[in-house]
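Descriptive analysis of the structure
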Amino acid sequence: MPDQVLAEPKAIKVLDMMTCTIEDSRGISKGDPLATFDFDINADEVHGCVSGLAAWFTSNFKSRTDEGGSSAPELSTAILLSTAPENGYTHWGQQVMHFVSSIPLSKGETTRLNGSIELTRTKENARLYNCRINFRNSRRKTGQDTDSVLMQGAPLEHIYQIP
């Protein structure tokens, strides 16, 4: 449901299918520059609580413009395949990683959620991933800079197995 997405999406992995390696596709490593996230959620613009993180994929099929693509076919129209919530149902769907406890949103305040994500394939099944999310949340009066913290939550870690 698109109305349940409370912050702007953030890419955590980008793969170029013409240049990526098997190693690139194994997951998201600790310290990967894209593996961090920092969301500001303004409770005056959205309602409810933060109950977890959602993930989906987007694939852009377009003509190659690099040197190696000179003999590749040219597409008259680029095609975008997205499983994002605003694009409706697909059989791939989205993955939701629920928090143990929801984070309430309060009118007049902005909740910040920042942290990192790691994804590694399981040893038992290459189609399954272990996911580790480390994050903390804080709250400030809306309109104040990020240093004006009203409340700072303790660092949390959640571990999931993703099919």
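Scroll up to find the structure.
Residues numbered from 1 in each chain as written. Predicted model: local features only at pLDDT ≥ 70, side-chain atom pairs only at ≥ 80, totals over all residues. Heavy atoms only, no water.

**Remarks on the overall build of the protein**
Stated precisely, the cut-off is as follows: Under the DSSP-based scheme used, a helix requires at least four consecutive residues in state H or I and a strand at least two consecutive residues in state E, with every element numbered from the N terminus. The rule is simple: take the accessible area with a 1.4 Å probe, protein chains only, and divide by the maximum for that residue type; under 20% is buried, over 50% is exposed, in between is partly exposed. Working rule for contacts: check all heavy atoms of both residues, and any pair within 4.5 Å makes them a contact. Methods summary: accessible areas were calculated by the Shrake-Rupley approach with a probe of 1.4 Å, and residue burial reflects only the protein chains presented. This count recognises Lys and Arg as positive and Asp and Glu as negative, with His and chain-terminal groups excluded. By convention, the charge on Lys lies at NZ, on Arg at CZ, on Asp at CG and on Glu at CD.
Broken down by element type, the protein carries 0 helices and 10 strands. The helix and strand sequence of the protein, counted from the amino end, reads β-β-β-β-β-β-β-β-β-β. The dimensions of the protein, computed from C-alpha atoms along their principal axes, are 60 × 40 × 30 Å. The proportion of buried residues among the 163 residues of the protein is 25%. Of all intrachain contacts in the protein linking residues separated by at least 6 positions in sequence, the fraction that spans at least 24 positions is 62%. For the protein, the accessible surface area stands at approximately 11,200 Å², while carbon and sulfur atoms represent 52% of it. In the protein, the 16 positive side-chain charges and the 20 negative ones have mean positions that sit 6 Å from each other.

**Structural notes on the nonpolar core**
Quick note on the threshold: In this description, a nonpolar core means a group of buried Ala, Val, Leu, Ile, Met, Phe, Trp, Tyr and Cys residues linked to one another through side-chain atoms lying within 4.5 Å.
With 22 residues, the main nonpolar core has Val50, Leu53, Phe99, Leu113 and Ile133 as its most contacted residues. Broken down by secondary-structure element, the contributors of at least two residues to this core are strand S2 (36-42), strand S3 (49-55), strand S6 (95-104), strand S7 (109-121), strand S8 (129-141) and strand S10 (156-162). Excluding residues within four positions of it along the chain, Ile133 makes contact with Phe37, Leu53, Met97, Ser116, Ile117, Leu156, Glu157, His158 and Tyr160.

**Considerations on the side chain of Thr110**
To keep it simple, the criterion reads: Counted as a polar contact is a pair of N or O atoms within 3.5 Å, where, for protein atoms, one must be capable of donating a hydrogen and the other of accepting one, and residues adjacent in sequence contribute only when both atoms are in side chains.
Here Thr110 shows up in strand S7. A polar atom in the side chain of Thr110 sits 3.0 Å from the side chain of Thr142. Discounting chain neighbours no more than four positions away, the residues touching Thr110 are Asp40, Ile41, Asn42, Ser138, Arg139, Arg140 and Thr142.

**Quick notes on the environment of Leu80**
Structurally, Leu80 can be placed in strand S5 (residues 79-82). For Leu80, a relative accessible area of 57% corresponds to the exposed category. For the pair formed by Leu80 and Glu157, sequence separation is 77 residues and the distance between their alpha carbons is 34 Å. Discounting residues that sit within four places of it in the chain, Leu80 has contacts with Thr58, Ser59 and Asn60.

**Notes on the packing of aromatic side chains**
Put simply, the rule is: Note on ring pairs: Phe, Tyr and Trp rings are taken, using the six-membered ring of Trp, and paired if centres are within 6.5 Å. Classes follow the plane angle, with under 30 degrees stacked, over 60 edge-to-face and the rest tilted.
The final tally for this structure, using the stated rule, is 3 aromatic pairs. Taking the centre distance of 5.7 Å and the plane angle of 25 degrees together, the rings of Phe37 and Phe39 count as stacked. By relative accessible area, which is 6% here, Phe37 ends up buried. Look at Phe99 and Phe135: their rings are 4.5 Å apart centre to centre, the planes differ by 20 degrees, and that puts the pair in the stacked class. In this pair, Phe99 sits in strand S6 while Phe135 sits in strand S8, placing the two residues 36 residues apart along the sequence. No difference in accessibility class separates Phe99 from Phe135, as the two residues are buried.

**Quick word on the environment of Ile79**
Assignment of secondary structure puts Ile79 in strand S5. A C-alpha to C-alpha distance of 20 Å links Ile79 and Gln94, two positions 15 residues apart in sequence. Apart from the residues lying within four places of it in its own chain, the contact partners of Ile79 are Ser59, Asn60 and Phe61.

That is the geometry; function is a separate question.
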